[in-house]
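Each chain, letter by letter, is given below.
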Amino acid sequence: MNAIMRFMKRNYKVLIIVVALCAALWSFVPKEIYASSEPDPEKDRLLIELLTFVIEKGHYDPATIDDDFSKAVYKNYMEAIDPSKRFFLQSDIDEFAKYQTVIDDQINARDLSFFYLTHERLVQRIGESQKYYKDILSKPFDYTKNETINTDYEKHAYAKNTAELRERWYKQIKLSTLSSLTNKLEIQEGKDVSDNVDDLDEQTFELNKKAEDIKKKLEKEKAEVENKSFEVLEKETRESQMKSLDEFFGFMTELNRDDYFSVYINSIASQFDPHTSYFAPDDKERFDVSMSGKLEGIGARLQKKNDFTEISELISGGPAWRGKELEPGDVVLKVAQGSAEAVDVVGMRLDDVVKKIKGPKGTEVRLTVKKTDGTIKIISIIRDEVEIEETYARSSIVEKNGKKYGIIYLPKFYIDFENKDSRDAAKDIALEVSRMKEAGVHGIVMDVRDNGGGSLKTVVDIAGLFIEKGPIVQIKSAGTKKEILSDKDSRIQYDGPLVVMVNGFSASASEILAAAIQDYRRGVIIGSSQTYGKGTVQNVIDLNQFIRGNSYGNLGALKTTTQKFYRINGGSTQLNGVSSDVALPDRYSYLKMGERDIDNAMKWDKIDPADYKVWDKQNNLDYAIERSKKRMEQNPQFALIEENAQWIKKRQDENDFSLNIDKFRAEQIALEEKAKKYKAISKYNNQLKFSSLPYENELIKNDNLLKEKRDRWHETLSKDVYVEEALNVLDDLQGNSPQKGTVNVKKKDKLVRS
C-alpha cells in the first residue's frame with residue numbers, strides 16, 4: 001500500500017523536528033573507527049540508539065519502551081525469523097523466553113545479547129534442518145497412508161524434540177510433492193489442458209504475440225509426463241522438491257548477520273506503528289527505485305504473510321494486470337523461468353522471491369499460485385516495462401439512458417516535488433474534467449479504487465475542483481495545534497452530479513478525497529463497506545545526516561510516522577477509514593486486509609470539526625443513495641459476489657489437508673467444481689460501451705500500444721458491475737428534486753461550525 005510520505009515540500013513543522021534532531025544527535029559521534037567489512041557490534045549499538053532516539057523524538061505518538069513493548073518486540077521477532085516453526089525447538093524458546101521482558105532494558109543499555117543468542121541458534125538450526133529434508137526426500141512417499149497436515153502454523157506449538165521437528169518437515173514436504181504429483185497426473189490424464197490453453201490464448205497470447213511458442217511448451221510439458229508410471233512421476237516430484245529446497249537453503253546460508261539484524265531492528269520499529277520501519281542501505285536503494293515508477297517485470301506488488309508471499313496489488317497497465325489471471329490475494333508457491341523447472345518459494349525471503357519474479361523485458365516467468373478459493377493455478381506472464389504513464393489519470397465516456405457520463409480513474413495522487421512544472425494528479429484531473437465538460441457530460445464518476453495514496457497537496461487541489469472553497473483536511477503534528485488545509489479558490493471546476501468509487505484498498509489520500517466529498521454532501525461514495533483506514537503521514541529520514549565524522553559507512557534511513565490527518569467533521573480516517581454511502585459486496589469483504597487488521601495500528605480519535613458549508617445544490621442525494629441500496633439488494637450479480645465472499649472466508653479457515661493421494665485429489669476436484677459457480681462473476685457484462693475522449697482518439701490513431709491499453713480498460717469497464725451501479729446513481733442524481741412517490745429525507749443542517 002502506498003503511503004503519503006510527505007504532504008508539502010515546505011512543511012516547516014517536519015523540518016523543525018529534523019533540525020532539532022540533528023542538533024541533539026551531535027552527541028552520536030563515533031568513539032572508534034572501524035574499516036573492516038566484518039560485522040561491527042559498535043555500529044549495531046549505535047544504530048539501535050540512533051533509531052530509537054529519532055523515533056521517540058520525531059514520531060507522532062511514540063510508544064513507551066517498557067515491558068509490554070519488550071514482549072511485543074519478542075513476539076514479532078520470533079514470528080519473523082521462524083514463522084512456520086520449522087527451525088526452533090521448544091527448548092530454544094524456553095531459553096529465549098527469559099528475554100521477553102528485558103528487551104526494553106537491553107535497548108536502553110545498547111545490549112544486543114538477545115539478538116546474538118537467537119541469531120547464532122537460528123544459524124545452527126538451519127544447518128540441522130538441511131539433514132532432515134535430504135533424508136526425507138531420499139526415499140519414496142507412501143501416499144496411501146491416511147495422514148493429515150494443518151498449515152495454520154500460528155496455532156502450532158514448537159516441536160518438543162528433533163524427532164517431532166523432523167516429522168513436521170516430513171509432512172510439509174509431502175504436501176508439496178503431493179501437490180506437484182497431482183498436477184502431473186492430471187496433465188497425463190489430459191484433464192483441463194485444452195481449457196487452460198484456450199484461456200491463455202484469449203487472455204495472454206494475444207498481447208505478447210508468443211502464443212505458439214508457449215503453447216508448444218505446454219504440449220511439451222504434457223508429452224514429458226505422458227505414459228510415465230506412477231513411480232517415475234513420484235520420483236520426479238521428489239527430485240524437483242530436492243532442487244527447490246537446495247536452492248532455498250542456499251539463499252538462507254547467503255543471508256548474513258546484517259540481514260537478520262535489520263529484521264531485529266524492524267521488530268523494534270514496527271512496535272511504534274505499522275508504517276514506521278528501518279531501511280538498510282540496500283533496502284533504501286530499492287525503495288528509491290520503487291519511487292521512480294519504472295521497472296521491468298510483471299507489474300505486481302508482493303507482501304509477506306508468515307511463510308508465504310502474497311500478491312497485494314497489480315500495477316495498472318502491467319503484464320500481470322493485462323493478463324487478467326493474477327489477482328490480489330493470490331499466494332505464490334513456485335516460480336519458473338520460462339520452460340525451466342519451477343522453484344518452490346514458500347519460506348523464501350520476500351526480496352529473493354521478488355528477484356525471481358522480476359526480469360528483463362520479453363522473458364517469460366511462470367507462477368504457481370494458490371487462489372483465494374483454494375485452487376492451484378499455473379500462470380504464464382511475459383515480463384515487460386511497467387510504464388509510469390499508467391500511474392497517471394485517465395478517463396472514458398459512456399452513454400446510458402440517453403445521457404453522457406464521464407469516468408475518471410486515478411491510480412495514485414502523484415506529484416513531482418522537485419519540478420513544479422511537471423504534471424501532477426491535480427493538474428491532470430482538472431484537465432480531464434474540463435475536457436468532459438466540453439464533451440457535454442451529465443455526471444462524473446471519480447474512481448479511486450485500489451488507490452493507495454500519494455501527495456496530500458494534490459488531493460486538496462482535486463477536492464477543490466468540486467466545491468466553491470473551504471477546508472479539505474485537518475493535520476496534526478505531535479504536540480502542535482491543528483493545521484487546516486483548504487481550497488481557497490472560489491471557482492468551481494465542476495458542479496454537476498458526482499460519484500466517488502472506493503474499495504478496501506483505497507487508502508490515505510483517497511480516503512481524504514472521499515471523506516471531504518462525503519462531509520460536504522457533494523457526491524455519493526459507493527464501494528466496499530469501508531476504505532483501508534490509513535490516516536497517518538510518514539517521512540523518510542536519512543540517518544547518515546545525524547552523525548558527524550561517520551566512519552561506519554551508510555547507516556540507511558528511517559521511515560517514521562510524523563503526523564495524523566482528520567476529516568473536516570473532526571473524525572480521523574485512521575483505522576475506521578471512510579464508510580461508503582452505499583456499501584457494495586466484494587470478494588474480499590471478509591479477508592483481513594485493512595489497517596484495522598494490523599498489529600500496533602494507531603487508534604481512531606476525533607478533534608474539533610472545521611468550519612464548512614454543506615453543498616446545497618444536490619437535492620437528490622439521499623434519494624439516490626436509497627435507490628442504490630434497493631437495487632443492490634435485488635441484484636443477482638451482487639448476491640453471487642456476496643456468496644463468493646462468504647465461501648472465500650470459509651476457505652481461509654480450512655487449513656487441514658489430507659496426505660492420502662485419493663482423498664487429496666477428491667478434495668481438489670470438489671474445490672474446482674465449487675469454484676466453477678463463481679466464474680460467472682468475471683464473465684458479467686453490463687452491456688455499456690465505453691470510449692476515449694476526442695483528444696485521446698487522435699493519439700490512438702498513431703499509437704497502437706495506447707489503443708491496446710484503452711481497449712483493454714474499456715473492456716474491463718464493460719464487465720464491471722460496480723461501475724454500472726455508479727452510473728445508475730448518476731442517473732438518480734439528475735434533476736432538482738426526488739421523483740414522485742419517494743420519501744423525503746429530512747435535510748441536515750447546512751452549516752457546521754467548530
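Residues numbered from 1 in each chain as written. Predicted model: local features only at pLDDT ≥ 70, side-chain atom pairs only at ≥ 80, totals over all residues. Heavy atoms only, no water.

Per an unreviewed UniProt entry, the protein chain goes by Tail-specific protease and derives from Flavobacterium ichthyis.

A. Inspection of the overall build of the protein chain at higher detail. Scanning the protein chain for helices and strands turns up 24 helices and 24 strands. Counting every position in the protein chain, which comprises 754 residues, the buried fraction comes to 54%. Total accessible area on the protein chain stands at roughly 33900 Å², and carbon and sulfur atoms take up 48% of it. (Helix = DSSP H or I, 4+ residues; strand = E, 2+ residues; numbered from the N terminus. Buried < 20%, exposed > 50% of the residue type's maximum accessible area, 1.4 Å probe, protein only. Areas by Shrake-Rupley, 256 points an atom, 1.4 Å probe, with all protein chains shown as cover.)

B. Inspection of the packing of aromatic side chains at higher detail. Counting across every chain of the model gives 22 aromatic pairs. An angle of 55° between the planes, with centres 6.1 Å apart, marks the rings of Phe114 and Tyr264 as tilted. Of the two residues, Phe114 sits in helix H6 (residues 113-136) while Tyr264 sits in helix H11 (residues 257-269), which places them 150 residues apart along the sequence. Where Phe141 meets Tyr143, the ring centres are 5.8 Å apart and the plane angle is 40°; that geometry is what we call tilted. (Phe/Tyr/Trp six-rings, centres within 6.5 Å; stacked < 30°, edge-to-face > 60°.)

C. Broad picture of the nonpolar core. Counting residues in hydrophobic clusters, the biggest one holds 91 residues, and the most contacted among them are Met78, Phe114, Trp169, Tyr264, Leu326, Leu367 and Leu543. Sequence-distant contacts of Trp169, that is, excluding residues within four places in its chain, are made with Arg86, Phe87, Ser129, Tyr132, Ile136, Leu245 and Phe249. In terms of nonpolar packing, the next biggest core, distinct from the first, is built from 51 residues, Tyr494, Leu498, Ala509 and Ala610 among them. (Core = buried A, V, L, I, M, F, W, Y, C linked by side-chain atoms within 4.5 Å. Contact = heavy atoms within 4.5 Å.)

D. Spatial organisation of the pairing of strand E8 (residues 364-370). Burial of E8 is extensive: six of the seven residues sit out of reach of the surface. Pairing analysis gives seven bridges linking E8 to strand E9 (residues 376-382), with the strands arranged antiparallel. Note on E9: the bridge partner recorded for Glu364 is Ile382. Counting the residues that bridge the hairpin from E8 to E9 gives five residues, and of these Gly374 lies at a positive phi of roughly 100°. (Pairing = 2+ DSSP bridges.)

E. Here's a closer look at H11. Taking 1.5 Å per residue as the helical rise, H11 with its 13 residues ought to reach 18 Å, and the 18 Å between its terminal C-alpha atoms agrees with that figure. Looking at H11, one finds that the buried residues are Arg257, Tyr260, Phe261, Ser262, Tyr264, Ile265, Ser267, Ile268 and Ala269. Between the side-chain oxygen of the N-cap and the backbone nitrogen of Asp258 there are 3.0 Å, and the N-cap of H11 in question is Asn256. (Expected span 1.5 Å × (residues − 1). Polar contact = N/O pair within 3.5 Å; in protein donor to acceptor, adjacent residues only side chain to side chain.)

F. Highlighting the sheet that holds strand E17 (residues 524-527). What the seven strands build is an open sheet, ordered E20-E17-E16-E13-E12-E11-E23; its pairing is mixed. Two strands lie at the open edges of the sheet, namely strand E20 (582-583) and strand E23 (690-691), each paired on one side alone. Bridge analysis of strand E11 (residues 394-400) against strand E12 (residues 403-409) gives seven bridges, and the strand direction is antiparallel. Bridge pairing links Arg394 to Tyr409 in E12. This element, helix H17 (residues 509-519), spans strand E13 (444-447), strand E16 (498-502) and E17 of the sheet and lies at about 145° to E16. (Axes fitted to C-alpha atoms, helices over the stretch in contact; angles between N-to-C directions.)

G. Geometry of empty space enclosed by the protein. Inspection of every chain in the model, using the stated rule, returns one cavity of 30 Å³ or more. One number sums up the size of the largest cavity: a volume of about 100 Å³. As for the largest cavity, its lining consists of Arg86, Trp169, Gln172, Ile173, Ser176, Gln241, Ser244, Leu245, Phe248, Asp344 and Val346. Those elements giving two or more residues to the lining of the largest cavity turn out to be helix H7 (162-188) and helix H10 (230-254). The residue makeup of the lining of the largest cavity, split by class, is five nonpolar, four polar and two charged. (1 Å grid on protein atoms, 1.4 Å probe; cavity = no way out; pocket = protein on both sides within 12 Å on 5 of 7 lines; lining within 4 Å. Points joined across faces, edges and corners; volume = space filled by probe spheres on them. Nonpolar A, V, L, I, M, F, W, Y, C, P; charged D, E, K, R; others polar.)

H. View of the packing of helix H19 (residues 636-652) against helix H20 (residues 661-676). In the contact formed by H19 and H20, the axes pass within 11 Å of each other and the chain directions differ by 160°. In terms of orientation, H19 and H20 fall into the roughly antiparallel class. In the crossing of H19 with H20, the sense of the turn from one axis to the other is left-handed. In contact with Glu643, Trp647 and Arg651 of H19, H20 contributes Leu671, Lys674 and Ala675. Its residues assigned to classes, the contact of H19 with H20 shows three nonpolar, no polar and three charged. (Parallel < 35°, antiparallel > 145°, perpendicular 65-115°, else oblique. Left-handed = near helix turned anticlockwise from the far one by under 90°.)

I. Spotlight on the environment of Asp542. Inspection of the secondary structure assignment puts Asp542 in strand E18 (residues 536-542). Taking the relative accessible area as the measure of exposure, Asp542 reaches 38% and is therefore partly exposed. Residues Asp542 and Gly556, 14 residues apart in the sequence, show an inter-C-alpha distance of 6.5 Å. Ignoring anything within four residues of it in the chain, the contact list for Asp542 reads Gly556 and Ala557. A polar contact of 2.8 Å, which involves the side chain of Asp542, links it to the side chain of Asn544.

J. Broad picture of the pattern of salt bridges. On inspection of all chains with the given rule, the structure shows 51 salt bridges. Residues Lys174 and Glu147 are paired through a salt bridge, measuring 2.6 Å at the closest nitrogen-oxygen approach. Here Glu147 lies in the loop between H6 and strand E1 (148-150) and Lys174 lies in helix H7, a separation of 27 residues in the sequence. The same class applies to Lys174 and to Glu147, which are both buried. Of the charged contacts in the structure, one is a salt bridge between Asp330 and Lys371, with a shortest N-O distance of 2.8 Å. Taken together, the residues Asp330 in the loop between helix H13 (319-323) and strand E6 (331-337) and Lys371 in the loop between E8 and E9 connect sequence positions 41 residues apart. The exposure class of Asp330 is buried, given its relative accessible area of 0%. Look at the salt bridges and you will find they share partners, linking Asp92, Glu95, Arg121, Arg125 and Glu128 into a network. (Salt bridge = Lys/Arg side-chain N within 4 Å of Asp/Glu carboxyl O.)

K. Region of the structure containing the pairing of strand E5 (residues 308-314). The element E5 is largely enclosed, with a buried count of six among its seven residues. Alignment of strand E4 (residues 300-305) against E5, held across six bridges, turns out to be antiparallel. Within the sheet, the bridge partner assigned to Arg301 lies in E5 and is Glu313.

L. Fine view of helix H3 (residues 67-81). Over its 15 residues, H3 runs 21 Å from end to end, which matches the ideal 21 Å to within 8%, given 1.5 Å per residue. Regarding H3, the residues found buried are Phe69, Ser70, Val73, Tyr74, Tyr77, Met78 and Ile81. Along the axis of H3, the buried residues cluster in a sector spanning 160°; they form a single face. Lining the buried residues of H3 we find helix H4 (90-96), helix H5 (103-109), H6 and H11. (Arc of directions from axis to C-beta.)

M. Representation of the environment of Tyr409 within the structure. Mapped onto the elements of the fold, Tyr409 is located in strand E12. Spatially, the C-alpha atom of Tyr409 lies 9.3 Å from that of Ile429, the residues being 20 residues apart in sequence.

N. Region of the structure containing unusual backbone geometry. A positive phi angle, near 55°, is found at Arg110, a position not held by glycine. In this structure, Arg110 sits in the loop between H5 and H6. For Arg110, a relative accessible area of 25% gives the class partly exposed.

O. Seen up close, the side chain of Glu724. Within the element layout of this structure, Glu724 appears in helix H24 (residues 721-732). In this structure Glu724 is buried but unpaired, with Lys400 as the nearest side chain of opposite charge at 6.5 Å. Not counting residues up to four positions away in its chain, the partners in contact with Glu724 are Lys400, Tyr684 and Asn686. (Lys, Arg positive; Asp, Glu negative; His and termini not counted.)

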